[in-house]
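Understanding the architecture of this molecule
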Amino acid sequence: MAQLWGGRFTKETDKLVYNFNASISFDKRFYRQDIRGSIAHVTMLAKQGILTEEEKEQIIDGLNGILRDVENGSLPITDEYEDIHSFVEANLTARIGDAGKKLHTGRSRNDQVALDMKLYTRDEVTELDGLLRELLEVLLTLMKENTETFMPGFTHLQKAQPITLAHHMGAYFEMFKRDRQRMRDIYKRMNLCPLGSGALAGTTYPLDREYTAELLGFDGPTLNSMDSVSDRDYLIELLSAMSTVMMHLSRFSEEVIIWNSNEYKFVEIDDAYSTGSSIMPQKKNPDIAELVRGKTGRVYGALMSLLTTMKGIPLAYNKDMQEDKELVFDAIDTTKGCLALFTGMLRTMKFNAERMEESAKHGFTNATDAADYLVNHGVPFRDAHGIVGQLVLYCIEKKIALDDMTLEEFKSISPVFEEDIYDAISMKTCVEMRNTIGAPGKAAMEKVIAAEEAYLAENPEL
Ligand code: ARG
């Protein structure tokens, strides 16, 4: 049991209490950030004359040695320390002696842990941004390749109007683009340095907080020391943004699962991204999509959990806040994993263009266009709606598509129909006529593709 305190205690901590309180099993994850923060801190202490240059050099050498040994495996981070901060400080003092004991001058574990978690999270936000960007690139490629791949668009999971695969992928492009924008907003808002806030009320040492903030790549120091040590808003924002990413991935997964079913056969998931059944030899299951859909609940759960943890905490630091870590780590790992796997699955998935077009044809998705044809020939819309309703009924009885009717059959229901009805209700026309901004028509789609391409070029990785 190695702790940084104990001076005012006359008894050993109960073993159960020690274990309940300790955080090393999970905060060892940010040993790199802890060491980086300490290096910045002592660099500043020396600049301010609080440590000598020699002490600073000794401490930094010691810290770099610890970093090296942890990374090469010769110094395992074990549970005998209370937390990662104790581990680093104890090992530093063991290596360099008394100078190590000066590391914590003008610092508390409260501002230290606030810093470590921010540094760690900031890197993860950058990675999430990159993963979202990769997904957007795959989507944009699919959009470019499929402006004439017709498929049914659905409402109520009923075939509604024809669209293209480019248009469908474009809808997800918008969702994940907003997700990416949210990550970048969070990055901007969180990028202020809490180091130097002490336990809650700053310190009496002449710390240069602007300098440490700069050394650590922050836009500046935080402006209230009590808020600095007890702010977990940025984690809540991140959990919320990741919940939305997962919600989008889950919707998309649901569609992939439906499209991959024997009834639809719109897509075939690559062998590398599917799994088999131990009993049914014919099966190729969309497990990755199902797992992504299933894991969404964990991330939502983390958001609700942290919101609840924070809601009754008086200022400033309270130990409840230690609960932020496992939740956030798990949610980040889950979201990153799901993004990477989903992107890989999408990149390798085969779309069955013929099957999708057939499905659009046989679902009367051109019924609105048949009605519009009549309207363009002087029939009031409500009457046109009724006439096309009769056409649909007729086709259902005969088990044919609107396009399969002869002109005589059309004319027997309304004399207004002429030879040009076939062109008016062809898949191509139905889609091509829809060219308002955001619609599936090729010309409209190409403008959007150009705009999204420009967006990606103007927003490289963080
Ligand atoms: N393990 C603690 C946490 O994660 C570090 C801060 C401890 N501070 C304290 N005053 N006990 O929040």
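Keep in mind it's a predicted model, so treat the numbers as computed, not measured.

1. Thoughts on the pairing of strand 1 (residues 150-155)
Sheet topology places strand 1 next to strand 2 (residues 158-164); 6 bridges connect them, and they run antiparallel. Bridge assignment links G153 to a residue of strand 2, and that residue is Q161.

2. Section: helix 14 (residues 367-376)
Within the span of helix 14, buried status applies to A367, D369, A370, A371, Y373 and L374. Each element contacted by the buried residues of helix 14 is listed here: helix 15 (381-398), helix 17 (421-424) and helix 18 (427-432). Among the residues trailing helix 14, G378 stands out with phi positive, at a value near 90°.

3. Topic: the packing of helix 4 (residues 53-71) against helix 5 (residues 84-96)
Contact geometry of helix 4 with helix 5 gives a least axis separation of 9 Å together with a crossing angle of 115°. Considering the relative orientation of helix 4 and helix 5, their crossing is right-handed. Contact with helix 4, carried on its side by Q58, I59, G62, L63, G65, I66, D69 and V70, involves F87, V88, N91, L92, R95 and I96 of helix 5 and no other residues of that element. Its residues assigned to classes, the contact of helix 4 with helix 5 shows 8 nonpolar, 4 polar and 2 charged.

4. Regarding the nonpolar core
Ranked by size, the top nonpolar core spans 95 residues in total, and within it F87, L249, L346 and F351 carry the most contacts. Non-local contacts of F351, meaning those with residues more than four positions away in its chain, are made with L142, L165, M169, W259, F266, V267, L346 and M356. Within the second largest apolar cluster, 22 residues are counted, among which are F364, Y373, M405 and I425.

5. As for the UniProt feature "domain: Fumarate lyase N-terminal" (unreviewed entry) in the protein chain
Residues given the UniProt feature "domain: Fumarate lyase N-terminal" (unreviewed entry) here are residues 7-301. Strand forms 5% of residues 7-301 and helix 60%; the C-alpha atoms that close the span are 40 Å apart.

6. Remarks on the side chain of E89
Relative to the elements of secondary structure, E89 occurs in helix 5. Although buried, E89 forms no salt bridge, and the nearest oppositely charged side chain, R107, lies 5.1 Å from it. Not counting the four nearest positions on each side in its chain, E89 is found in contact with L4, G100, L103 and H104.

About the cut-offs
- Residues numbered from 1 in each chain as written.
- Predicted model: local features only at pLDDT ≥ 70, side-chain atom pairs only at ≥ 80, totals over all residues.
- Heavy atoms only, no water.
- Pairing = 2+ DSSP bridges.
- Helix = DSSP H or I, 4+ residues; strand = E, 2+ residues; numbered from the N terminus.
- Buried < 20%, exposed > 50% of the residue type's maximum accessible area, 1.4 Å probe, protein only.
- Contact = heavy atoms within 4.5 Å.
- Axes fitted to C-alpha atoms, helices over the stretch in contact; angles between N-to-C directions.
- Left-handed = near helix turned anticlockwise from the far one by under 90°.
- Nonpolar A, V, L, I, M, F, W, Y, C, P; charged D, E, K, R; others polar.
- Core = buried A, V, L, I, M, F, W, Y, C linked by side-chain atoms within 4.5 Å.
- UniProt positions renumbered as here; feature names shortened; annotations may be inferred.
- Lys, Arg positive; Asp, Glu negative; His and termini not counted.
- Salt bridge = Lys/Arg side-chain N within 4 Å of Asp/Glu carboxyl O.

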